[in-house]
Each structure stands twice: as structure tokens, then as C-alpha cells.
Amino acid sequence: MAFRGRLRLAAAALALTALGGVALAAEPEKAATGKLQTDKPLGVVELFTSQGCSSCPPADEFFAELAGKDDIIALAYHVNYWDYLGWQDTLSTKENTERQYDYMRAFGSRSVYTPQAVINGRSHVNGASRKDVDGALARMDRTGEGMRVPIKVSRTSDRVMIDAGDAGDGPTDAHVVIVYFDPPQMVKIGQGENGGRSLTYWNAVSDIQTAGMWHGKAQRYELPMSEIAKKGGCAVLLQSVGKDGMPGPILGAAFIHKPDRL
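Residues numbered from 1 in each chain as written. Predicted model: local features only at pLDDT ≥ 70, side-chain atom pairs only at ≥ 80, totals over all residues. Heavy atoms only, no water.

K.L.:
So what's going on with the environment of G195? Residues and values would help.
P.N.:
Relative to the helices and strands, G195 resides in the loop between β11 (185-188) and β12 (198-201). Considering only alpha carbons, one finds G195 and Q51, 144 residues apart in sequence, at a separation of 9.2 Å. When sequence neighbours within four positions are dropped, the list of residues in contact with G195 reads I189 and G190. (Helix = DSSP H or I, 4+ residues; strand = E, 2+ residues; numbered from the N terminus. Contact = heavy atoms within 4.5 Å.)

K.L.:
I'd like to hear about the pattern of salt bridges, residue by residue, with values.
P.N.:
In this structure the tally under the stated criterion is nine salt bridges. In this structure, D158 and R159 form a salt bridge, with 3.3 Å as the shortest nitrogen-oxygen distance. Note that D163 and R220 form a salt bridge whose closest N and O atoms lie 2.8 Å from each other. With a gap of 57 residues between them, D163 in strand β9 (residues 159-164) and R220 in strand β14 (residues 219-224) connect regions that are remote in the sequence. Linked through salt bridges whose partners overlap, the residues forming this network are D158, R159 and E222. (Salt bridge = Lys/Arg side-chain N within 4 Å of Asp/Glu carboxyl O.)

K.L.:
Let's hear about the pairing of strand β7 (residues 123-126): which residues, and what values?
P.N.:
Strand direction decides the pairing type here: strand β6 (residues 116-119) and β7, joined by four bridges, are antiparallel. Bridging across to β7, V118 finds its partner in H124. If you look at the hairpin formed by β6 and β7, you'll find three residues sitting between the two strands, and N120 has a positive phi there, around 55 degrees. (Pairing = 2+ DSSP bridges.)

K.L.:
Outline the sheet that holds β7, supporting the account with residue identities and numerical values.
P.N.:
A sheet is described by the order of its strands in space; here four strands give the open sequence β5-β4-β6-β7, paired in mixed fashion. The sheet is open, and its two borders are formed by β5 (72-78) and β7, each paired with just one other strand. Strand-to-strand twist across the sheet, computed as the mean angle between neighbouring axes with direction ignored, equals 25 degrees. The strands touched by helix α3 (residues 94-107) within the sheet are β4 (43-49), β5, β6 and β7, with β4 carrying the most contacts at an inclination of about 115 degrees. (Axes fitted to C-alpha atoms, helices over the stretch in contact; angles between N-to-C directions.)

K.L.:
Run through the packing of aromatic side chains, naming residues and quoting values.
P.N.:
For the structure on display, the rule yields seven aromatic pairs. Residues Y81 and Y101 carry aromatic rings whose centres are separated by 6.4 Å and whose planes lie at 80 degrees to one another, so their mutual orientation is edge-to-face. One end of the pair, Y81, is in the loop between β5 and α3; the other, Y101, is in helix α3, with 20 residues separating them in the sequence. In this structure an aromatic cluster arises from ring pairing among F48, Y77, Y103 and F107. Geometry around Y180 places K231 over its ring, the cationic atom sitting 5.0 Å from the centre. (Phe/Tyr/Trp six-rings, centres within 6.5 Å; stacked < 30°, edge-to-face > 60°. Lys NZ or Arg CZ within 6 Å of the ring centre and 35° of its normal.)

K.L.:
Just give me the short version of the environment of F255, but keep the residues and values in it.
P.N.:
You can see F255 is positioned in strand β16 (residues 247-257). Spatially, the C-alpha atom of F255 lies 9.2 Å from that of K152, the residues being 103 residues apart in sequence.

K.L.:
Outline helix α2 (residues 56-67), listing residues and values.
P.N.:
Note: α-helices contain 3.6 residues per turn, so residues at a spacing of three or four share the same orientation. An ideal rise of 1.5 Å per residue puts 16 Å on twelve residues; α2 measures up with 16 Å between its terminal C-alpha atoms. Of all the positions in α2, only C56, P57, A59, D60, F62, F63, L66 and A67 are classed as buried. At its buried positions, α2 is contacted by β4, β5, α4 (130-142) and β12. (Expected span 1.5 Å × (residues − 1). Buried < 20%, exposed > 50% of the residue type's maximum accessible area, 1.4 Å probe, protein only.)

K.L.:
How would you explain the confidence of the model for the protein if you had to name every residue and give the values?
P.N.:
Averaged over the protein, the pLDDT score is 87; the fraction of residues at 70 or greater is 84%. Overall, residues 1-25 carries pLDDT values under 50, and its contacts beyond four positions in sequence, including any with other chains, amount to 64 contacts. Predicted confidence for residues 31-36 stays below pLDDT 50, and this span has ten contacts to residues more than four positions away or in other chains. (pLDDT = per-residue confidence, 0-100.)

Next up, the structure:
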């Protein structure tokens with residue numbers, strides 16, 4: 001099923017207002033370290049992983065380092081197609097697996113694999129290779145394929161404001177995608193290829209929603225704080241979508257809430 005059709009439209013939860021509207025007294029959102037997060041991070045790393053994959057623990061450990069950085073939006077999608085090996089991934093969802101298959105079709109690949117790291121929605125590398133992941137992030141930042149559209153997050157006591165900037169001469173259409181993820185948690189794996197190991201997983205994606213459209217001009221989106229409070233963590237991706245509905249390059253991203261507890 002296509003990226004556009006699968007993601008649940010969150011129109012009821014997200015009110016759209018123009019930047020020229022009534023000003024709201026708001027505080028900038030801070031990352032877990034207490035530092036103000038940048039409105040143009042270095043990039044987005046989406047790791048496709050599984051508790052039942054023997055090759056994934058090194059990637060999960062490296063991903064934990066990425067998740068601790070303020071200038072990288074790191075999201076882990078646990079997939080379910082390795083469950084037949086004897087252990088059902090406790091963090092996997094069908095939607096996570098479908099997102100990986102959509103990337104497969106978007107990249108013109110013939111199969112999926114773990115650990116796979118998708119960088120900025122543009123290319124994929126071995127998620128356990130620090131050299132490949134860091135190299136892809138640096139190369140895209142240098143060649144203009146990094147985060148081109150600034151996204152600022154601010155909040156009041158009852159709402160979160162997401163301000164997406166202007167595209168300039170760049171792309172003019174993208175989906176505003178809200179990605180919810182769990183706080184870091186330790187999982188004791190009982191069976192399968194990693195049976196007997198206790199592993200800590202960071203930023204495991206639990207839900208994905210399309211919250212609206214962005215058409216190249218500065219726009220404000222508002223999300224009730226009550227929605228954020230229900231989840232462990234939350235990020236926003238400004239992601240272009242192909243005519244076939246497949247996910248495309250990510251143009252901007254930011255954390256809305258980033259938990260730092262075990």
C-alpha cells in the first residue's frame with residue numbers, strides 16, 4: 001500500500017494556521033540536553049531493525065549514539081518479517097514494515113534487509129556501518145541534499161507550534177509527517193538469533209501520521225499538547241512524496257519532544 005494511503009490523516013488533531021495569524025506567546029522546544037535544537041539538523045537517519053536479526057545489535061548500538069545527538073533526527077523502525085526465526089519483535093509494527101517496503105520501491109530495489117539505514121529519505125546504507133552512515137550525512141549536507149527547509153518548534157501550556165520555513169527555489173510540495181516513538185527501553189530477548197541477550201532500544205517508532213501538506217511557503221501547524229503527552233517522543237518530517245505515493249527526500253525535520261530516560 002502506498003505511503004500516502006497508509007498514513008492516517010491527523011486533521012482532527014492538527015489545526016493549520018498561517019504564519020501571519022495571531023501571535024502566540026511560546027517557548028522554544030529544547031532537546032534532552034537542555035540546548036536549543038537547531039532548525040536545520042544535519043540529517044535524518046531512519047534505521048530498519050529487528051530484535052530477531054543477529055546482524056542488528058551492532059547497528060542498534062551505533063544508533064543509540066546517533067539518538068543522543070541534537071543535530072540528527074534518529075528514528076528506529078522495528079520490522080516483523082524476521083519473527084518466523086523464533087522471536088516476535090516486541091516493538092515491531094506492520095506499518096513500520098510497510099514503510100520499509102515503500103522505500104524499497106522508491107529506490108528501485110528488489111528486496112529489503114536489516115539493518116538498513118535510510119538517510120534523508122534519499123539513499124540507504126548498512127545501518128551498522130558508522131563510515132557509511134556518517135559519510136552519507138556529510139556528503140548530503142555538502143551537496144545540498146540535507147535539510148533545506150528550516151523547521152522551528154515552540155510550545156505553550158496547551159499546544160505545540162511547528163513553523164515550516166520557505167522553500168526558496170527548492171521543492172514546493174511535501175507531507176508534514178508526525179512520527180511518534182517510545183522512550184529508550186531495555187528488552188530481554190527470550191528466543192531466536194539473539195535469545196538470552198538484553199538490549200536497549202532507542203526511539204522505536206510506534207505510530208506515523210500525516211498531519212497536513214506544505215506547499216513551499218512558510219506555514220504554521222498546531223498540535224494539542226495532550227497528543228504529545230500520550231507518547232514517549234515525537235518528531236516532525238517534511239517529506240516529499242512521489243506521484244506514485246512513495247516516500248521521497250526529507251526536506252526538513254525537528255524533534256517535537258525527545259525523551260532521555262530509560
